[in-house]
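Observations on the three-dimensional arrangement
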Amino acid sequence: MQKTKKKIKIPFLCTGNSCRSPMAESWAKNLRADSIEAYSAGIEPGGPAESKKHKDNQRTHPPAGKGKGLNVFERYLTLWVILCIAGGIVLGKVAPGFAKALDGMAIYVNKAPVVSIPIAVCLFFMMYPIMVKIDFAEVVKAGKNGRPVGLTLFVNWAVKPFTMYAIALFFLGTLFYGFIGPDALDNVKMPFGLDLPVGAMHGAGRVVLIDGVKMLQVPLWRSYLAGCILLGIAPCTAMVLLWGYLAKGNDGLTLVMVAINSLTMLLLYGVLGGFLLGVGRLPVPWQALLLSISIYVALPLVAGFLSRKWLIAAKGRRWFEEKFLHMLTPITIIALLVTLVLLFSFKGEIILSNPLTILWIAIPLFIQTNLIFWLGYGLAKLLKLEYRDAAPAAMIGASNHFEVAIATATMLFGLSSGAALATVVGVLIEVPVMLMLVKICLRTRNWFPQDKLVAASSG
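Here we summarise the structure given alongside this text. (Residues numbered from 1 in each chain as written. Predicted model: local features only at pLDDT ≥ 70, side-chain atom pairs only at ≥ 80, totals over all residues. Heavy atoms only, no water.)

The next point concerns the overall build of the chain. A tally of regular secondary structure across the chain gives 18 helices and eight strands. A total of about 21,100 Å² of accessible surface is found on the chain, and carbon and sulfur atoms cover 67% of it. (Helix = DSSP H or I, 4+ residues; strand = E, 2+ residues; numbered from the N terminus. Areas by Shrake-Rupley, 256 points an atom, 1.4 Å probe, with all protein chains shown as cover.)

Quick look at the structure:
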């Protein structure tokens, strides 16, 4: 007995339910009636029988990206950050020893704190939900989209770190130098692996003894510069998925670029970070950078890869994407906000004595974000990329992986450092600036050639 071949079901839905979906249905049936079962949503919602079929299919096979958008944590991230700044400052005033006691729960090497255990836990939960979303199997498909991927890698790793250093150096070390304070100093962690005597010089800093612990005393503006450097070498691999979606970009390509950037970060983050911090006279031993990358990038990356593989095998992809990832959505933001409260409990005095501190840091970060966006967007136009590829290619460079930057700054310089504060300012401006760039992308779609299928379906 001959086995009946199962037909492929294809629903057609046209924007506004105009006549094009019934036309597509007819065309498909005439083309391959033997292997395709086609139906449309009809001309009127709920009108023809096909519309009911479409609705039934939507319930069992919801379209990718449906319901995707800014949740309450992401939409009001700037507000939450501002509230955490206020909460942290109040905590620092009311219970000054609380955050310090938590930060003191650390792994010590040569009597110097290396890893703060509570902060390491918070930062892991910031990173894991991001890493578990990445499907690295998509990397093998990157060859089909060589130009946008190549553009992203060029802007993110050959341009962005160096423009960030130059812009931050000009504003923090020259233009705003007098406002920050020529004599303002910051006490940061002793670099991991170094055991220098009190009074010794290391880069632009001097070893001092504070409460029995060796610290490195550096100019405050250089500490802010270090935070900006760490932001500049961390291209976004998390929220860029959201920015690309809102800009109506190519979600599949964005996932590929996220995976490639995550792998590239393992190789180049420490190299570029060590080089630029050294140029900025805040040299960090390679052991410290390697430890930071291992804890805050490699560990959640491996945990995300293994748990993703196991959960999909055990529960299925639909449960993983619709249930598990949904439960994880607020965890990154909550862990971030807890970290910010602790950080600002240390920095309250500096902010209250100089409330414009955040502005001095935000200006170079704002300029850098716009510069990198327009550079990537302009090069995409020169390369004649389609809009759906150009938008995410520009967005991934403009946006920063502030979770990694905060984790690294905290690990290298301490929770109370100016470097950690500078990375937090990156969080503060991220959402409003990136939403502004999303609107720019949507208004300039006509600058780029359109994918014919997308143009027809949205017309």
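For the rest of this paragraph, the subject is the pattern of salt bridges. Two side chains carrying opposite charge are able to pair once their charged atoms lie near each other. A full pass over the atoms with the stated rule returns two salt bridges. Close ionic contact of Arg317 with Glu321 constitutes a salt bridge, the shortest N to O distance being 3.4 Å. Highlighted residues: Arg317 and Glu321, both in helix 13 (residues 317-353), separated by four residues, approximately one helical turn. Note that Glu322 is salt-bridged to Arg318, the shortest N-O span being 3.7 Å. Placement of the pair is Glu322 and Arg318 together in helix 13, with a separation of four residues, close to one helical turn. Note on Glu322: relative accessible area 42%, which makes it partly exposed. Relative accessible area serves as the criterion here: at 45%, Arg318 is assigned to the partly exposed category. (Salt bridge = Lys/Arg side-chain N within 4 Å of Asp/Glu carboxyl O. Buried < 20%, exposed > 50% of the residue type's maximum accessible area, 1.4 Å probe, protein only.)

On to the pairing of strand 8 (residues 213-219). A regular strand places its side chains so that they alternate between the two faces of the sheet. Along strand 8, five of the seven residues are buried, which leaves the element largely enclosed by surrounding structure. Counting the residues in the hairpin turn of strand 7 (residues 205-210) and strand 8 gives two residues, including Asp211, whose phi is positive at 55°. (Pairing = 2+ DSSP bridges.)

A contiguous nonpolar surface patch, about 450 Å² in accessible area, is contributed by Met105, Ile107, Ile117, Val121 and Phe125. Looking at the nonpolar patch element by element, the count peaks at three residues for helix 6 (residues 117-131). Tracing the backbone shows Met105 in the loop between helix 5 (96-104) and strand 3 (106-109). (Patch = residues over 30% accessible without salt bridge, like charges linked within 9 Å, V, L, I, M, F, W, Y side chains within 5 Å.)

Here we come to the sheet that holds strand 7. On the basis of which strands lie adjacent, the open sheet formed by four strands has the order 5-8-7-6 and antiparallel pairing. Strand pairing shows two members of the sheet lacking a second neighbour, strand 5 (185-189) and strand 6 (201-202), which therefore form its edges.

A separate point is the packing of helix 9 (residues 220-232) against helix 14 (residues 357-382). For any two helices packed against each other, the geometry comes down to the angle between their axes and how far apart the axes lie. Where helix 9 meets helix 14, the closest approach of the two axes is 11 Å, and the angle between their N-to-C directions is 35°. Crossing of helix 9 over helix 14 shows right-handed handedness. Touching Tyr224, Cys228 and Leu231 of helix 9 are Thr357, Ile361 and Leu365, all from helix 14. Within the contact of helix 9 with helix 14, the residues separate by chemical class into five nonpolar, one polar and no charged. (Axes fitted to C-alpha atoms, helices over the stretch in contact; angles between N-to-C directions. Left-handed = near helix turned anticlockwise from the far one by under 90°. Contact = heavy atoms within 4.5 Å. Nonpolar A, V, L, I, M, F, W, Y, C, P; charged D, E, K, R; others polar.)

All quantities given are derived from atomic positions and should not be read as evidence of function.
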